[in-house]
Amino acid sequence: MLPSQKKEAKKDTLLNHGVKILIQQGYHGTGLQEILDAASIPKGSFYNYFASKEDFGAAVIQHYIDPYIRQLSACLQQPEADALAAIVDYFDQLVSELEQNDYQGGCLLGNLMGEIGDTSEICQRSLQTAVERYRDLLQTGLARAQQQGTIRQDKSAKAMADLLVNTWQGAMLRSKIDKSSAPAKQCCQDLLGDYFRA
């Protein structure tokens, strides 16, 4: 493995552990030493990858959202499914994962929005970027569903994507405290199964 590949692999290891620990303990409840110990990386090496804990937090946010972007993209690229069915399938997968994880952790974005969304400018910008990337992809899918005639035309795809993201975040928090997938399922049914329908 080339040195640059080793460095990227170690950075990925740090980010993977960062996602796991931040979901469990939050930003303020997590020390750098704990992440370094979990990743088996010496403390002095941390600054070869990130300038500060804030920079690390911002990178963790993007690292966390990337698989969700890929998962949603994969659903939307299925040629046999219409766009609305693909979005419904995607959220069904998320609800299933939520149940399999016994409602632990919730959504890292939602957790960090509440904890540091207005106190760390670097992390705030990263959260905004992550939410916008996610929203834009949902907007693309909803716009395609409008073209296919399955989604209402009197609301913009962007407005519906924003509403879906906002409602989903609230539903995830409720699912976490209620230890139930009912809020997440209600969000999907009320919006994708009813309000958004043509």
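In case you missed it, the structure is sitting above this.
Residues numbered from 1 in each chain as written. Predicted model: local features only at pLDDT ≥ 70, side-chain atom pairs only at ≥ 80, totals over all residues. Heavy atoms only, no water.

1. Structural notes on the layout of surface pockets
- Taken as a whole, the largest pocket spans an internal volume of roughly 380 Å³.
- Together, 21 residues line the largest pocket, and Tyr64, Tyr68, Gly106, Cys107 and Met172 are the ones closest to its centre.
- Of all the secondary-structure elements, those providing two or more residues to the lining of the largest pocket are helix H1 (3-25), helix H3 (53-76), helix H4 (83-100) and helix H7 (157-178).
- Val19, Ile23, His63, Tyr64, Pro67 and Tyr68 together form the lining of the second largest pocket.
- Counting residues per element, the ones that place at least two in the lining of the second largest pocket are H1 and H3. (1 Å grid on protein atoms, 1.4 Å probe; cavity = no way out; pocket = protein on both sides within 12 Å on 5 of 7 lines; lining within 4 Å. Points joined across faces, edges and corners; volume = space filled by probe spheres on them. Helix = DSSP H or I, 4+ residues; strand = E, 2+ residues; numbered from the N terminus.)

2. What about the nonpolar core?
- Counting 61 residues, the largest nonpolar core has Leu14, Phe56, Phe91, Tyr134, Leu138 and Trp168 as the members making the most contacts within it.
- Counting only elements with at least two residues in this core, the list comes to H1, helix H2 (32-39), H3, H4, helix H5 (108-116), helix H6 (121-148), H7 and helix H8 (182-195).
- Leave out the neighbours within four places in its chain, and leucine 14 touches Ile35, Leu36, Ala39, Ile41, Tyr49, Phe50 and Phe56. (Core = buried A, V, L, I, M, F, W, Y, C linked by side-chain atoms within 4.5 Å. Buried < 20%, exposed > 50% of the residue type's maximum accessible area, 1.4 Å probe, protein only. Contact = heavy atoms within 4.5 Å.)

3. Observations regarding unusual backbone geometry
- Despite not being glycine, aspartate 102 shows a phi value in the positive range, around 55°.
- Its place among the elements puts aspartate 102 in the loop between H4 and H5.
- Judged by relative accessible area, aspartate 102 falls into the partly exposed class, the value being 46%.
- The residue lysine 179 is not glycine, and still its phi comes out positive at about 55°.

4. What to know about the packing of aromatic side chains
- Under the definition given, this model contains nine aromatic pairs.
- Aromatic side chains phenylalanine 46 and tyrosine 47 sit 5.1 Å apart centroid to centroid with 85° between the ring planes, which places their arrangement in the edge-to-face category.
- Since its relative accessible area comes to 1%, phenylalanine 46 is described here as buried.
- Ring centres of tyrosine 64 and tyrosine 68 lie 5.1 Å apart, and the angle between their planes is 50°; this geometry places the pair in the tilted category. Separated by four residues within a single helix, tyrosine 64 and tyrosine 68 lie in helix H3, roughly one turn from each other.
- Taking the relative accessible area as the measure of exposure, tyrosine 64 reaches 6% and is therefore buried.
- An aromatic cluster of at least three residues, connected via ring pairs, comprises Phe46, Tyr47, Phe50 and Phe56. (Phe/Tyr/Trp six-rings, centres within 6.5 Å; stacked < 30°, edge-to-face > 60°.)

5. Side note on the packing of H5 against H6
- It is at 11 Å that the axes of H5 and H6 come closest, and there the two elements cross at 150°. Between H5 and H6 lies a crossing whose hand is left-handed. Along the contact surface, H5 presents Leu109, Leu112, Met113 and Ile116, while H6 presents Cys123, Leu127, Ala130 and Val131.
- When grouped by side-chain class, the residues that make up the contact of H5 with H6 number eight nonpolar, no polar and no charged. (Axes fitted to C-alpha atoms, helices over the stretch in contact; angles between N-to-C directions. Left-handed = near helix turned anticlockwise from the far one by under 90°. Nonpolar A, V, L, I, M, F, W, Y, C, P; charged D, E, K, R; others polar.)

6. Side note on H2
- If you check which residues of H2 are buried, you get Leu32, Ile35, Leu36 and Ala39. Mapping the buried residues of H2 onto a view down its axis gives an arc of 100°, with all of them on the same face.
- Count one or two residues on from H2 and you reach serine 40, which has phi positive near 55°. (Arc of directions from axis to C-beta.)

Read these as geometric descriptors, not functional statements.
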